[in-house]
Amino acid sequence: MTEMENIAIADQVDDSSHPNSFLTKYVWSQDHKVIAIQYSITAIAVGLIALVLSGIMRLQLGFPNEFSFIDPSSYLQFVTMHGMIMVIYLLTALLLGGFGNYLIPLMIGARDMVFPYLNMLSYWTYLLSVLVLVSSFFVSGGPTGAGWTLYPPQAILSGTPGADAGILLMLISLAIFIVAFTMGGLNYVSTILQARAKGMTLMRMPLTIWGIFVATILGLLAFPALLVSAIMMIFDKVVGTSFFMPAILSLGETLDHSGGSPILFQHLFWFFGHPEVYIVALPAFGMVSDVIAVHARKNIFGYRMMVWAIVAIGGLSFVVWAHHMYVSGMNPYFGFFFATTTLIIAIPTALKVYNWLLTLWRGNIHLTVPMLFAIGFIFTFTHGGLTGLMLGNVVIDLPLSDTFFVVAHFHMVMGVSPVMVLFAAIYHWFPLLTGRFLNNSLGKFHFWGTFLGTYAIYLPMHYLGFLGVPRRYFAMGETDFIPESAQTLNAGITVSAIIVGLVQLVFIANLIWSTFKGKKSGRNPWQATSLEWQTAQFPPGHGNWGEHVPQVHRWAYDYSVPEVKDDFIPQNISPEEVEYLISDENNSREDK
Amino acid sequence: MPNNQQQEQSQASKSSSWQSVKNDWGTDKQAFDMPWGKLMMWIFLLSDTFIFSIFLISYMNVRMSVTVPWPNPSEVFALTIAGHHIPLVLIAIMTFILITSSGTMAMAVNYAYQGNKKKAVYLMLTTALLGASFIGMQAFEWTKLIVEEGIRPWENPMGANQFGAAFFMITGFHGLHVSAGVIYLAMIAKRISQGKYDNKGYQIVEITGLYWHFVDLVWVFIFAFFYLW
């Protein structure tokens, strides 16, 4: 009933459908690989804006009153835009729109996404959302300064920067982004479920695909909460409804609102916001697993447990959201419930960390640049995760809430860690895109600068948090309980942040230089087993597989198999094709 | 029927449901034995379910958090016909029409799989027509609430302001879904009559039907929570 009716690009290649003009090939392209690159370039570009914003924030914190172009309003606007851009428009878009698009069809052995046209629409809608967001810098009043959580009532009341046009553009941009994500996400899930190559069972998929798969499902179920709350807040702002707005006395005047519930927004926001953490983290978990296995020449330890851990983390992430709201006022039993579920998440997460370490244990570790970033990730993620355990407890969270400790925690766990994986992934898969390596020396410089630099930034922040330094404050002023040395530390953090920012410029330069002049990599330079490296053309062309879609005979982790000639067996090698050491003399290796 | 063999197979595998789950997920190529578009529609509807659930939960939340009394639905949603005050009469007709349209949609799917293109197209157009009349009556209902009762999203002379806000937002969002469904049905019906699915098969009718039934199902919940609570 099925196969004949599902003829489309993901199953069969139709020669007449290859694009040939520049426009159809690189701009209005329906090829998942081109769409992925479009997504990635847009995400990195907007991410650089957010990086500059964070630098400006740090300048103010490190050297207050030195820079006249930062006033309290613009500081809050930079904080807000930095957070929102980094979480949604960079990390979500780059991990799922960029790597998801690029790797899903290649790794599961499909010719493209199941609905390439929808996929193309997804990118252009995403670009629109980015443009709407960036346009808020140029409207009167500037972008919103409500903090990335956009809590009402303050987000839409005068007094908050950007409360006129900025907040509306932000909400509209988010709604457009959700439409874009839904179009892409439906494609990713359907493609993974329905368009795998023969022999590619779900339990043979590389963990990268599992991470992207579960993260996309989380996105499809969590973004609705953000969409609905954005719609309701737009109504509160434009039409004058009171969904989130209680009766408010502002500057001696009673506002027109009454009877709404600000806490409702917090629940809706975090029902989206917490799964969002794992929308970012799960693809990173998957990709880092594959990078570690390839560069340690060892099968991933506990593949099945790794899969179930991803699924369990995904499921649990929907029942922990209120741990972001311990200080909002909640029934203590709720706090107890959410603290418990939060701590339970530590189990599958710790399992993953142990499995990464056990994969490294007695592996043949190649300290390539991707591997350095992957190992760096294990450090930053463990540190961020352990502070998460602390903050998950109500009694510890209450005094630390809204301090730099929280900032340090979430930057370690979902800022630095996914970014480390993104770097690992970019260094790892760059040869697949371009046929060239990224420059190794610059890469190592980039790694050490980033890794040590982020520790120089965030370790002191934990300490500042313990001192009670609050987050989101423009300047501390006279404060009795914070010693003056805190300011010295803040200045040091700022210097580190500027250095880390500059190191990223080296990375961008490396990307551009290596795209054209990098060392030629040849086919499958890392000797990886997964399908994306086994394409007919290298780098893969439109339709990915040439004449025949590959047939899969094994899982993605056959590294260092005993008695076998090479130290890896690609997924599309049948048992008969495997060359063994003993019967080796008569076989030639030309087909390799 | 070409599907007989397959149905027998699926009957056999239903003997142990966990076994069939395992078979589905353990397979290569396709986890679900259905066309890509149909699976994608299911996943989309799952996501859309979350949207409507969150709308309704938010509505329940504000309804509980307001301090002003909520208006009585049998007064707000009443029509005076020939001097008689009849509560919920319009909404009863609207609900009846929408559920009837689900029936015609199901018949369209049935005829499509039998290969009776003409009947399928007519039934789809009937469904679209019923949907359009639902939208028309909704417009009438809105007009009555706005013009005669003076209810606005931001104010409500009959009780809590949030009544107007939640009502217009949620029924409006549902109305947009119905409108989109009418356009979708009309488009697909046109493409079928042009013969664009003659070679591909008529699963598209079922996919359209999935969406339509979903919109009807959502209405049942909106009806229960707004008009009966």
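Residue positions are counted from 1 within each chain, in the order its sequence is given. Labels follow written order: the first chain is A, the first ligand is 1, and so on. Totals for whole chains, interfaces and linings use all residues, but because this is a predicted model, local features are given only for residues with pLDDT of at least 70 and pairs of side-chain atoms are given and counted only at 80 or more.

## Comments concerning the overall build of chain A
Numbering of helices and strands starts at the N terminus; helices are DSSP runs of H or I of at least 4 residues and strands are runs of E of at least 2. Helix and strand counts for chain A come out as 14 helices and two strands. Here the C-alpha coordinates of chain A stretch approximately 90 × 50 × 50 Å along the principal axes. When the 592 residues of chain A are sorted by exposure, 53% land in the buried category. Residue pairs are scored as contacts if the distance between their C-beta atoms, which are placed from the backbone, is within 7 Å. In chain A, 80% of the contacts between residues at least 6 apart in sequence involve partners at least 24 apart. To assign burial, the other C-beta atoms lying within 10 Å of each residue's own C-beta are counted, with C-beta atoms placed from the backbone; 20 or more indicates buried, 12 or fewer indicates exposed, and intermediate counts indicate partly exposed.

## Focus on the overall build of chain B
Along its length, chain B carries eight helices and two strands. The N-to-C order of helical and strand elements in chain B reads α-α-α-α-β-β-α-α-α-α. Looking at chain B residue by residue over its 229 residues, the buried ones come to 33%. Looking at chain B alone, contacts between residues at least 24 apart form 69% of all its contacts between residues at least 6 apart.

## Thoughts on the domain arrangement of chain A
Residue and element names in this part refer to chain A. In terms of domain boundaries, chain A breaks down into domain 1 (23-205) and domain 2 (529-592). Reported domain spans reflect what an automatic or database domain assignment gives. Centre-to-centre separation of domain 1 and domain 2, based on C-alpha positions: 37 Å. With 13 residues of domain 1 at the interface, the matching set in domain 2 holds 15 residues. When residues in the side of domain 1 that touches domain 2 are grouped by element, the largest group, four residues, is from helix H3 (residues 72-108). Its residues assigned to classes, the side of domain 1 that touches domain 2 comprises six nonpolar, two polar and five charged. Under the scheme applied, nonpolar residues are Ala, Val, Leu, Ile, Met, Phe, Trp, Tyr, Cys and Pro; charged residues are Asp, Glu, Lys and Arg; polar residues are all the others, including Gly.

## Focus: the packing of helix H3 (residues 36-65) of chain B against helix H8 (residues 203-228) of chain B
All names here are of chain B. It is the contact of H3 with H8, at a shortest axis distance of 10 Å, that shows an interaxial angle of 10 degrees. Here H3 lies roughly parallel to H8, going by the angle between them. Facing H3, whose interface residues are Gly37, Lys38, Met41, Trp42, Leu45, Asp48, Phe52, Leu56 and Tyr59, H8 presents Gln203, Glu206, Ile207, Leu210, Tyr211, Phe214, Val218, Phe221 and Phe225. Among the residues forming the contact of H3 with H8, the class breakdown is 13 nonpolar, two polar and three charged. As a rule, the C-alpha atoms of each element are fitted with a line to give its axis, helices using only the stretch in contact, and angles between N-to-C directions run from 0 to 180 degrees. Each angle receives one of four descriptions, namely roughly parallel if under 35 degrees, roughly antiparallel if over 145, roughly perpendicular if within 65 to 115, and oblique otherwise.

## Considering the pairing of strand S2 (residues 84-87) of chain B
Residues and elements named next belong to chain B. When DSSP finds two or more bridges between a pair of strands, those strands are recorded as paired. In the sheet, strand S1 (residues 78-81) pairs with S2 via four bridges, with the strands oriented antiparallel. By the bridge assignment, Ile81 is partnered in S2 with His84. The antiparallel hairpin formed by S1 and S2 contains two residues in its connecting segment, where Ala82 sits at a positive phi of about 50 degrees.

## A word on the nonpolar core
Working definition: the nonpolar core is a set of buried Ala, Val, Leu, Ile, Met, Phe, Trp, Tyr and Cys residues, joined through C-beta atoms within 7 Å. Counting residues in hydrophobic clusters, the biggest one holds 234 residues, and the most contacted among them are Ile108(A), Val288(A), Phe373(A), Ala424(A), Ala120(B) and Met124(B). In terms of residue count, the dominant contributor to this core is H3(A) (24 residues). Looking at this core, you find at least three residues from each of domain 1 (23-205) and domain 2 (529-592) of chain A. Excluding residues that lie within four positions of it along the chain, Met124(B) makes contacts with Ala108(B), Leu185(B), Ile188(B), Ala189(B) and Val205(B).

## Quick word on helix H8 (residues 303-316) of chain A
All names here are of chain A. In this analysis, the expected span of each helix is defined as 1.5 Å times one less than the number of residues it contains. With 14 residues, H8 extends 20 Å between its outermost C-alpha atoms, agreeing within 8% with the 20 Å of an ideal straight helix rising 1.5 Å per residue. Within H8, the full set of buried residues consists of Tyr303, Met306, Ala309, Ile310, Ile313 and Gly314. The buried residues of H8 occupy one face: seen down the axis, they fall within an arc of 130 degrees. In the core, the buried residues of H8 are packed alongside helix H6 (207-238), helix H7 (262-295) and helix H9 (332-360). This arc is taken over the directions from the axis of the helix to the C-beta atoms.

## Brief notes about the confidence of the model for chain A
Residues and elements named next belong to chain A. Scored from 0 to 100, pLDDT records how confident the predictor is in each individual residue. Put simply, chain A has an average pLDDT of 91, and 95% of its residues get 70 or more. Contacts from residues 1-9, a stretch scored under 50 in pLDDT, to residues over four places away or in other chains number 19 contacts. Overall, residues 588-592 carries pLDDT values under 50, and its contacts beyond four positions in sequence, including any with other chains, amount to zero contacts.

## Considerations on H9(A)
All names here are of chain A. Counted at 1.5 Å a residue, the expected span for H9 with its 29 residues is 42 Å, and the 43 Å between its end C-alpha atoms agrees. By the burial criterion, the buried members of H9 are Phe338, Ala339, Thr342, Ile345, Thr349, Lys352, Asn355, Trp356 and Thr359. Among the structural elements, H7, H8, helix H10 (369-392) and helix H11 (394-400) are those in contact with the buried residues of H9. Looking one or two residues beyond H9, the residue adopting positive phi is Arg362, at roughly 60 degrees.

## Notes on the environment of Met371(A)
Position of Met371(A) among the secondary structure elements: in helix H10. In sequence terms Met371(A) and Val294(A) are 77 residues apart; their C-alpha atoms lie 8.9 Å from each other.

## Description of unusual backbone geometry
Trans peptide bonds make up the majority, and among non-glycine residues the majority have a negative phi. Residue and element names in this part refer to chain A. Cis geometry marks the peptide bond from Pro152 to Pro153, where omega comes out at 0 degrees. Along the chain, the position of Pro153 falls in the loop between helix H4 (116-135) and helix H5 (166-194). Phi is positive for Leu251, which is not a glycine, with a value near 50 degrees. In this structure, Leu251 sits in the loop between strand S1 (249-250) and strand S2 (253-254).

## Looking at the environment of Ala456(A)
With respect to the helices and strands, Ala456(A) occurs in helix H13 (residues 440-467). Taking the C-alpha atoms as reference points, Ala456(A) and Val500(A), separated by 44 residues in sequence, lie 9.5 Å from one another.

## Some thoughts on the packing of H4(A) against H5(A)
All names here are of chain A. Interaxial distance between H4 and H5 falls to 8 Å at its minimum, and their mutual angle equals 165 degrees. Taken as axis vectors, H4 and H5 run roughly antiparallel relative to one another. Note on packing geometry: the crossing formed by H4 with H5 is left-handed. Contacts from Leu118, Asn119, Leu121, Ser122, Thr125, Tyr126, Leu128, Ser129, Val132, Leu133 and Ser135 of H4 reach H5 at Leu169, Met170, Ile172, Ser173, Ile176, Phe177, Val179, Ala180, Met183, Gly184 and Asn187. Throughout, a crossing is termed right-handed when the near helix is turned clockwise from the far one, and left-handed when it is turned anticlockwise from it by less than a right angle.

## Some thoughts on the environment of Gly159(B)
Residue and element names in this part refer to chain B. Looking at the element boundaries, Gly159 is found in the loop between helix H6 (117-148) and helix H7 (161-193). Along the backbone, Gly159 and Asn72 are 87 residues apart, and their C-alpha atoms lie at a distance of 8.6 Å. Dropping the residues within four chain positions of it, Gly159 is found in contact with Val68, Pro69, Trp70 and Pro71.

## A few points about the confidence of the model for chain B
Residues and elements named next belong to chain B. Residues with a pLDDT of 70 or more make up 89% of chain B, whose mean pLDDT is 87. Scored below 50 in pLDDT, residues 1-14 shows six contacts in the model against residues more than four places distant or in partner chains. Model confidence for the complex: the whole-complex pTM is 0.92, and ipTM, which rates the interface, is 0.90.

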